[in-house]
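Structural description and commentary
Listed below, chain by chain, are the residues.
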Protein chains: 2
Amino acid sequence: MSQNELRKDYILDRWVVIASQRRKRPSDFSTVKTGDVKNTVCPFCPGNEHLTPPATLVYVLEDGNVRKTLENGESRCKDWIVRCIPNLYPAFSAENGQKPTRIFKSTSFHESMKALGFHEVIVESPIHGEHPSVARKSQLKLVINAIKDRFHYLSSKEYVKYISVFRNHGASAGASLSHAHSQIIATPILPKIVKEEAEASKNYYESEGRCVFCSIVEEESKSERFIWENESFTAFTPWASLNPFEFWIFPKRHQSSILEMTDFEVEKFAEILRVGLGGLKRLLNDPPYNLGFHILPESHYHWHVEVYPKLAIWAGFEKSTGMFINTVPPEDAAEGLKESFKLEEDALRER
Amino acid sequence: MSQNELRKDYILDRWVVIASQRRKRPSDFSTVKTGDVKNTVCPFCPGNEHLTPPATLVYVLEDGNVRKTLENGESRCKDWIVRCIPNLYPAFSAENGQKPTRIFKSTSFHESMKALGFHEVIVESPIHGEHPSVARKSQLKLVINAIKDRFHYLSSKEYVKYISVFRNHGASAGASLSHAHSQIIATPILPKIVKEEAEASKNYYESEGRCVFCSIVEEESKSERFIWENESFTAFTPWASLNPFEFWIFPKRHQSSILEMTDFEVEKFAEILRVGLGGLKRLLNDPPYNLGFHILPESHYHWHVEVYPKLAIWAGFEKSTGMFINTVPPEDAAEGLKESFKLEEDALRER
C-alpha cells in the first residue's frame, strides 16, 4: 500500500493530503449525484463485521457492565455495542517501522511529507439510525468514552501532532454511509485553524493570565447568542458564525482535552449533544451538518465542539478569498435554537 | 436599507459578512434542494431588464464598434451585448456620505465594521447559455474588458481594499441563476487568503529580488503539472491542489493587476479561458465549478485565476481543521486536462 502524501501550498501555510490511495479517474466523477446515501448492504450493521477491517476497539456488554475487548478474535465479534475500525480508505495511515515525519523539499516551492497517521471510524451504535439527535443518552456516553479511549491511544504515538474527531451527517454534508458513525483522523502536523487558535490563546494567556476561551464563554453566556446550558456545558452561536445556525459547545470548567472529563461531565456532555443535535433536527427538519471537536492538550487551550449545519454553499467568493457570507445573524439563530433545545429537553425528560 | 455587518472571529483573523439584508428564517431552509437551477423567467435575458436594478455599465454595438454607455436611460436598454448590474441581494453595499470603514470593538471579542463595498453581476452574454466553455472568443473579450472597466471604477473608491471577481457554475457550486454571469465584490478589508499571499510574495521579493509567482510559473511550466500555454498565459495544476482537477491560469508577463493587460493579452486571456473551461467541460461532463481571480495592485504581486471544479465535499475534517483531502493527484489531473485542452484547442481552430 503506497503512502499518501501531505503537501504544502507554494507560499500559504495550507496543507492538503494528496490521497493516492483513494485515487480516482475522470470517469469516476461523471456519475456524481448529490442525492441520498445509497442503500446497499450496510458494512456497519451487526452481522456484517467481515466487510470491515478488524476492529481497533470493541465495547461489549457483560453481566450488565461494559467491557472493552479486542482479545480472542473479538475484533469481529457480533454482539458489540460500540465498535472502532480503521477507515477502509484512509487519508492518513501508519507504516511499520516508519520514522517520525520529516518535511521533504524537492525545491523551495515543493514541500511534502508522508501522510503518516491514523484514520478510524467509530460505529456509534448497533442500531443503524441511532444518530446523536435521537440516541439514548446511555449510548452517547459509550460513544464519548470510546472517543476518549481512542484519543488516549492515538495521542501516545510519536508522530501524531493533532487528533481530529468529526462527524458528517447526511449525504450532502459528505457522509458516504448513513449508519450512525463518527471519524477520527490523527495527523503529523498541527492543522492551520487549530494552530492559529493555539497561538492566539497562548498570547492571550501570557498577556491576561487566563484562558481566552473561558473569557469568551463567560461573555457569550450573558449575550443574545446564548442558547442552553447544563451543570457542565454551555452552547451558544458564535459572534462571527460562518454557517447559518452554527453553534459551539464548551465545557464550563477549563480543560484542554476531553481526557480531563470526569464521569459526571461525560454524562452532561452526552446530554448537551443529545439536546443540541435533537434541537437542530427539530428546528430545521433534520438538516445535513458537520461537527468537529477542537482538542489540544496544552494548558492555555480549551477543548470544544463546533457544529456546522450545511444550509448554504461556499462558492467562488469564499473559496478564493477565505472570507465568508452568512445570511442568518447568529442572534437570530440563537433565538430559534433556544426554543428548540428547550422543547428537546422537555421531550427527553418526559420519556 | 440596513447595512450588512462584517464580523471578525473571536481570535482568528477570519471575517464573515452577517448578511441581514438577505436574512432568512428557519423555514426558508426546509425546502433547500441541491438539484438543478430553477427555470422561471430569467432576469438576465434580454427583454427582462426591468427585473434587475439599473445597470452600472452597458456595452452596445454601434456601426460594428463596441460603445460603453449609461446615458439616456440606456441602463435598461435592450440591445446590450454585455451588462453589469448591482446584485439584488448584495453582501456588500455603499451608502451615500458614508465615511471610510472603521473597526468597531464593543468588547475585545466582538469586532465588527459595516460591510461597505459593492456587489455587482456581469451578465456575460445576451445568450442565456453562452458560458465561457462554449462562448465565442469575441464575446469573452467583451466580458474581460467589462471586468477591467468595473475593476478600474471600483478601485477608485476610497474604502475599497480588495476586489474579488468570481464565477459560480452549476447549482451545486452556488449558482442561483443559470444565465451566464460572473460577480464582482469589493470589500473594505483585505481577505485572509490574499493577505497571506501578499505577505509571502512581499517577503520573497525582499529576499530574492523577484516575484515569487514568476518563479513558480517558471518551475511548473517544466513540471508534470503543466497543462497548456499560449503566447501570454500558462495553465497548470497547483502542487498542493485542494480540489480534484483544480487548475490555475497565470499571465506570463509579470503584472499585478488585470488593468495591465494589453489588448493582445486580453485576446490571449479569452483564448485560454475558452480552451480551459471548454476542456474542463469536455473532460468531466460539464462539472459544476467555482472560479476566482486573485488581483492585487502591488508591485510584488502577480494576478491569476484559480478554477475549482466541485467534485468533492468539504466535510467535518476540512471545516474544523483548515486541512484538506484531495483524491486526485494534480499530476494525474494535469494528464487528463492536457489532453482535453488540446482537443478543445483543435475543435476551436476548426470552427
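Residues numbered from 1 in each chain as written. Chains lettered and ligands numbered in written order. Predicted model: local features only at pLDDT ≥ 70, side-chain atom pairs only at ≥ 80, totals over all residues.

Side note on the relation of the copies chain A and chain B
Applied cut-off: Superposing the copies works by least squares over the C-alpha atoms of residues that have pLDDT at least 70 in both of them. Contact between two residues is assigned when their C-beta atoms, built from the backbone, lie within 7 Å.
Of the transformation superimposing chain A on chain B, the axial component is 0.0 Å and the angular component is 180°, with the fit at an RMSD of 0.0 Å. Both chain copies can therefore be described as sitting about a two-fold axis. Taken together, the interface assignments show that 100% of the residues at the interface of chain A recur at the interface of chain B, consistent with an identical surface on both copies.

Describing the domain arrangement of chain A
Residue and element names in this part refer to chain A. Selection criterion: An automatic or database domain assignment is the source of the domain bounds shown. Residue classes follow a fixed rule: Ala, Val, Leu, Ile, Met, Phe, Trp, Tyr, Cys and Pro count as nonpolar, while Asp, Glu, Lys and Arg count as charged, and any other residue, Gly among them, counts as polar.
One can read the domain layout of chain A as domain 1 (5-20 + 37-189) and domain 2 (197-252 + 266-285 + 315-350). Computed over C-alpha atoms only, the centres of domain 1 and domain 2 are separated by 25 Å. At the junction of the two partners, domain 1 supplies nine residues and domain 2 supplies eleven residues. Here the side of domain 1 that touches domain 2 is composed, by residue class, of five nonpolar, two polar and two charged.

Structural notes on the interface of chain A and chain B
With 77 residues of chain A at the contact, the number on the chain B side is 77 residues. For the side of chain A that touches chain B, a count of residues per class yields 40 nonpolar, 23 polar and 14 charged.

Section: helix H2 (residues 192-208) of chain B
This is how it is decided: Secondary structure elements are taken from DSSP: a helix is a run of H or I of four residues or more, a strand is a run of E of two residues or more, and numbering for both begins at the N terminus. Between the first and last residue of a helix there are one fewer steps than residues, each counted as 1.5 Å, and that sum is the expected span. In this scheme the burial state of a residue depends on its C-beta neighbours within 10 Å: 20 or more other such atoms mean buried, 12 or fewer mean exposed, and anything in between means partly exposed; the C-beta positions come from the backbone. Read the arc as the range of directions from the helix axis to the C-beta atoms.
Over its 17 residues, H2 of chain B runs 24 Å from end to end, which matches the ideal 24 Å to within 8%, given 1.5 Å per residue. Residues of H2 of chain B that are buried include every one of Ile193, Val194, Glu197, Ser201 and Tyr204 of chain B, and no others. Summarising the axial view, the buried residues of H2 of chain B lie within an arc of 95°, below the 170-degree limit, and thus occupy one face. Exposed positions of H2 of chain B whose direction lies more than 90 degrees from the buried face are Glu206 and Ser207 of chain B. Turning to H2 of chain B, the residues buried within the fold contact helix H5 (316-321) of chain A together with strand E9 (162-169), helix H3 (212-221) and strand E14 (289-294) of chain B. Once H2 of chain B finishes, Gly209 of chain B follows within two positions and takes phi at roughly 75°, a positive value.

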